[in-house]
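Secondary and tertiary structure notes
Single-letter residue listing:
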Amino acid sequence: MNKYRKLPWNQKKVQHLLDLARVDKIGHAYLFHGQRGIGKLDALMEFAEQLFCQQAQEGESCGQCQGCRLFAAGSHPDFRMLRLEEEARQIKIEQVRESQSFIANTPIMGRHKLLLIEPAELLNINAANALLKNLEEPAAGTLFFLVSHQPGSLLATIRSRCQQIKFPRPEKHQALEFLQQTLSAEQAGAALEMTNGAPLAALKFASEESMQEISAVHESLLSLLQGEMNITDAASDWMAMDENLLLETLLTATEILLKGLLRDKTSSATNRHWQSLKELQSLLEAKHVRSLHFFYQDLLNTRAMLRSRANPNKQLLLEALCLEWVRPFRDNTERWKRIA
Ligand SMILES: [Zn+2]
């Protein structure tokens, strides 16, 4: 089943792409990028549905025609998605190979067919190279849409063959309006802050249970710096958490702290849910910016390793992260001894 949400802040981009497709000016390969959790995929699914609708009018697909029905059922012959298969940590070359006849044949129902790859940064090297050949010699009517939160980790040769389009983060009022359809104003504000302004990520993590887990991660970050928790215990706590929630929380916390350090100290972490984050903010100084950037890079590397097929030792990886987190405070020998 192909489902998506029609998000108000995406409409301009969707319409722009549809206009290009209508006058046959659309490129054959695009790389869509932007922050996690702002609805890039929803926008492209919305585009696809209208592209395949045989009687779309004024920015709406009809929902009734053969194109709409096949698309909604996930069986439109001119649409294909490459995503992570269950339990997989990468998009594999077999998946690209299985798409070869789709890529090579002409569209069956209309003028275009669309191969959507998300998240493109998880294409493994062989899959990326196989795809590259197709990007170089596209068959008529084929559209390649690559979607990525981290376009920098794609092969440069792939990036250079795609037109790049950035999805901006929605305005805060748009995001809050959207969240308040299902959340209280307070929940919406807190969740949005925690996800650095990304409304779909906020929606995913807004449950009371997730909020408590997120607060617990913030608390352990604080306790680590204050020397009140050791690395092994912190890593063990993190082991017990949902991996995505943990990494999302750590990435976002670091983003928020960096934002607070680099700009206005009062602008970040104002919500009462994030007491520990506020305390962290007050502990950190301008000289820590560099270390925070290193920690952020470590987080991205750790996430990549956890997603790789190498079966890394997760406890050790998380301990290494904790170590990197407290590193800027190593100067203080007294505190460091207690942590170690
Ligand atoms: Zn239709």
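Look up a bit, the structure's there.
Quick notes on the rules
Residues numbered from 1 in each chain as written. Predicted model: local features only at pLDDT ≥ 70, side-chain atom pairs only at ≥ 80, totals over all residues. Heavy atoms only, no water. Pairing = 2+ DSSP bridges. Helix = DSSP H or I, 4+ residues; strand = E, 2+ residues; numbered from the N terminus. Axes fitted to C-alpha atoms, helices over the stretch in contact; angles between N-to-C directions. Contact = heavy atoms within 4.5 Å. Core = buried A, V, L, I, M, F, W, Y, C linked by side-chain atoms within 4.5 Å. Buried < 20%, exposed > 50% of the residue type's maximum accessible area, 1.4 Å probe, protein only. Parallel < 35°, antiparallel > 145°, perpendicular 65-115°, else oblique. Left-handed = near helix turned anticlockwise from the far one by under 90°.

Let us look at the sheet that holds strand β5 (residues 163-166). Within a sheet, adjacent strands bond to each other through the backbone by hydrogen bonds, running parallel or antiparallel. Taken in spatial order, the 5 strands line up as β2-β3-β4-β1-β5 in an open sheet, and their pairing is parallel. Sheet topology places β2 (79-82) and β5 at the edges, where each strand pairs with a single neighbour. Across the sheet, the axes of successive neighbouring strands diverge by a mean angle of 20°, strand direction being ignored. Where helix α6 (residues 125-136) meets the sheet, it contacts β1 (29-33), β3 (113-117) and β4 (142-148), and its direction lies at approximately 135° from that of β4.

Of all hydrophobic cores here, the largest spans 55 residues; its most connected members are Trp238, Leu250, Leu280 and Trp325. The biggest single contributor to this core is helix α13 (residues 243-262), with 10 residues.

Moving on, we get to unusual backbone geometry. Note the cis peptide between Glu118 and Pro119, where omega equals -5°. When you line up the elements, Pro119 lands in the loop between β3 and α6. Although it is not a glycine, Asn196 adopts a positive phi angle of roughly 55°. Overall, Asn196 belongs to the buried group, its relative accessible area being 11%.

Most of β3 sits inside the fold, with 5 of its 5 residues counted as buried. Burial along β3 is two-sided: Lys113, Leu115 and Ile117 facing one way and Leu114 and Leu116 facing the other are all buried. With 4 bridges connecting them, β2 and β3 associate as parallel partners. Paired with Met81 across the two strands is Leu116, which belongs to β3. Sheet topology places β3 next to β4; 5 bridges connect them, and they run parallel. Across the sheet, the residue bridging to Leu114 is Leu143, located in β4.

As a packed pair, helix α12 (residues 231-239) and helix α16 (residues 314-326) sit with axes 9 Å apart at the nearest point and diverge in direction by 125°. When the axis of α12 is compared with that of α16, the two are oblique. In this structure, the crossing between α12 and α16 has a hand that is right-handed. On α16, the residues that touch Ile231, Thr232, Ala234, Ala235, Ser236, Trp238 and Met239 of α12 are Lys314, Gln315, Leu318, Glu319, Cys322, Leu323 and Val326.

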